[in-house]
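# Results of the structural survey
Given next are the chains, with one letter for each unit.
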Amino acid sequence: MHTGWQQWNRKATFVLCVLTILGLIAALPIGATRWKMEKTSDKVQMVFDYRDLVQIAAYQAHPKQFVKDELVKMHAEGITAMAVFESSLQELGWAGRLSLYNSSSASELQGKTSTADENYTYVLFSSAKDEEVLRPVLESTYKQWGITTSSWSYEGRGGLILETPLENAILKPMVPDPIALGEIHEAGFTIVPRLSDRVPFDAASVDAMLGGFEQLGVSRILFEGDAVKGFADNAELKSLNQFAELLNKHDIGIATIENSKPQKGMNTLGYLTHYNVVRLYSLSDNDAASMKPEEIADRFQLAAKDRSIRMFYLNGAPSSSPVKSMITDPLENLYHAMQDKNGVLAKMDKLGFAVDSPQPFEYESPSWHKPLKAVVVLGAIAFITLLISAFVPGVAIPVFVLGVIGSAGLYVLSKSILEQGLALGAAISAPTLALIWAIRRVRAHTVGNRRPIGGAADATATRVAGGSEQQVRWFFPGISAGRRFLMAITIFATTSIISMSGIPFIAGLLNNITYKLVLEQFRGVSLLHLAPIALVALYLLLYTGESVFGNLRKLLKMQITVLWVGVAGVLGVMALYYLSRTGNAGQASSLELTFRNVLETTFGVRPRTKEFLLSHPLFFFGIFVALRYRAAWVLFIVGAIGQLSMVDTFAHIHTPLPISIIRDLLGLVLGALIGLVIIGVWQIGEGVWKRWAPRIAQLKQGFKSGV
């Protein structure tokens, strides 16, 4: 019965391999759809924060004229859009549209005695035009908050009395300053309103506001705060649905900010607006002032090319400079970054991006995706089953059946979790199985070819026989350096191909536009960075000796010394550092950033440093040496970093597929070349050692004899 089960299991393994290959093939046309989609958005937009411009102007001798002059200059420099926040009484006061008083100061202004027990806000408009435009806005806003308004005047200027303290009145947000919107529009800028969720949602007023935006040519809005407009009232009013309908009605899309906490309701609003969404990168005030123009240009180039960013938000608040004894701003630095020879505009033009209102990616999910995706799902389950079978032989059939049943149940509960789980499993399985295959190939060429002493020997092993230790020397005859080099190339290339077989599963399973827009993220990437390394190390420790239980028994009987504790501590620190460098949150030194920029400039696409400088060369070298010395197998663990990294590159789904493919291939080629150099150095060193080792031994023996 046991023999029969083994036969069935071997047949099942073959079927699993076939299913894996079919899943890989089925994923390719799905990936081709994504490739096509990634070419449909080729416009970028530079947006400046209008509030920052007003604040900078407040420190100028002639604020209003300064704003007008800078608007003209900005447009000429390539900044063609202005972000306008929801307004407030305080900001309208900064802009010179009105003056604000409390009850006491208003009485003093009019030469009257302060009214007892009154703490109101008095608004005095600066001109008849300001009053004509802003009075309806203020009355509507404070009516929403249940605050009574009434008219008053002073020296022929109209005003409003708000029956609430000034400190409370200035906190109430209102629609963006309509006068500023008109001036910005007349100056030729695209307007990007920034809306908050602080005001109770009212469909009629939102419809009127969006209608006004549409007349001004607004095509995209940005949200302020931690939630999109309408989120707070959604449970009661279904306000997100209403807001999405109004956005669609006025043909206005939305923008999502990179590297910020996802705003609440963004996923829902993105879905309801048919993913009329564009990704935005925000340059902070500090970076705008401190970074060199060429550094800003390089950062924008990478964002557009590698991360599918289509809007660039420029902050530029004024700051006090004790060194210069003046108030400074970063405007000139930003202008240089835009227009220099290798500035932002030149780099965008070189990449094929036009500076214009950005358009969303044209996303479609044709009906033929579903049957192909079902095949991809089965292929991923088969791939994961093969990995489990490599460590627990004889369980292929039950594991696959349980995987299919579990996946069916998970599909009902959460399709997204199912896709991410299978993509992660396939991404871990590919590099791990590739390294296991490489280990087995090396063992097949070496273990059976060991011979005891009888000529030149290359390695020493200790064998315990008859209760006494007997030194036995082993070498691998018939494997010349040339043949080992060719075998190393073959094993390195084949291992890399097997590892990259996990890539189509990521592209095929995570093909939803939400991943491209980072509205939804591929979770579990940290596990992808560690699991293959740990599994390869486990396989080397337990599965490369005489038996698993024999190797485990030896490990359990090993004495733990201070040295081992120290090694474990060092490895733990290295693992933490390795994890800290993964993902978008990883930090790099200035030297490394310079090196990255050199790579980017040289190759156009930056290969991953840990692949071509560390893992690939050492893995290539490790294969070559392991065909002669068993101890070199430890380098296979280092090799796992590069193999998993090639798959992980495609887990950054916001990066276009062609960029990821070029990055992987560059890493492999450069890594192999560096590995070739290391092999050459090793061969020279080994030759020198073989030539001089006998003489050194003779000298030692002579010294001992002399003693």
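Residues numbered from 1 in each chain as written. Predicted model: local features only at pLDDT ≥ 70, side-chain atom pairs only at ≥ 80, totals over all residues. Heavy atoms only, no water.

### Here we look at the nonpolar core
Membership of the largest hydrophobic core comes to 71 residues, with the highest contact counts inside it found for V442, I623 and F636. If one sorts the elements of this core by residue count, helix α19 (residues 415-446) sits on top with 14 residues. Every residue in contact with F636, bar those within four places of it in the chain, is listed here: L435, A438, I439, V442, V536, L540, F619, G622, I623 and A626. Formed by 66 residues, the second largest nonpolar core is a distinct cluster that contains F213, V218, L334 and V344. (Core = buried A, V, L, I, M, F, W, Y, C linked by side-chain atoms within 4.5 Å. Buried < 20%, exposed > 50% of the residue type's maximum accessible area, 1.4 Å probe, protein only. Helix = DSSP H or I, 4+ residues; strand = E, 2+ residues; numbered from the N terminus. Contact = heavy atoms within 4.5 Å.)

### Some remarks on the side chain of E77
Of note, E77 is situated in helix α3 (residues 63-77). Although E77 is buried, it forms no salt bridge, and the closest oppositely charged side chain is K73 at an N-O distance of 5.7 Å. With residues near it in sequence (within four places) discarded, E77 still touches Y335, M338, Q339 and L345. (Lys, Arg positive; Asp, Glu negative; His and termini not counted. Salt bridge = Lys/Arg side-chain N within 4 Å of Asp/Glu carboxyl O.)

### Comments concerning the pairing of strand β2 (residues 81-85)
Most of β2 sits out of view: 5 of its 5 residues are buried. Both faces of β2 are covered, namely the face carrying A81, A83 and F85 and the face carrying M82 and V84. With 3 bridges joining them, strand β1 (residues 43-49) and β2 adopt parallel strand pairing. When the bridges of β2 are listed, F48 appears paired with M82. Note that β2 and strand β7 (residues 190-195) share 5 bridges and pair parallel. Paired with M82 across the strands is I191, a residue of β7. (Pairing = 2+ DSSP bridges.)

### Points about the packing of aromatic side chains
By the definition in use, this model includes 16 aromatic pairs. Taking the centre distance of 5.4 Å and the plane angle of 85° together, the rings of F391 and Y543 count as edge-to-face. On the criterion of sequence distance, the pair formed by F391 in helix α17 (residues 369-391) and Y543 in the loop between α23 (525-542) and α24 (548-557) is long-range, its members being 152 residues apart. Here the aromatic residues F485, F492, F619, F620 and F636 are joined through ring pairs into a cluster of three or more. One residue, R51, lies across the ring of F85, its end atom 3.9 Å from the ring centre. In this structure, K172 is placed above the aromatic ring of W145, and the distance from its NZ or CZ to the ring centre is 4.2 Å. (Phe/Tyr/Trp six-rings, centres within 6.5 Å; stacked < 30°, edge-to-face > 60°. Lys NZ or Arg CZ within 6 Å of the ring centre and 35° of its normal.)

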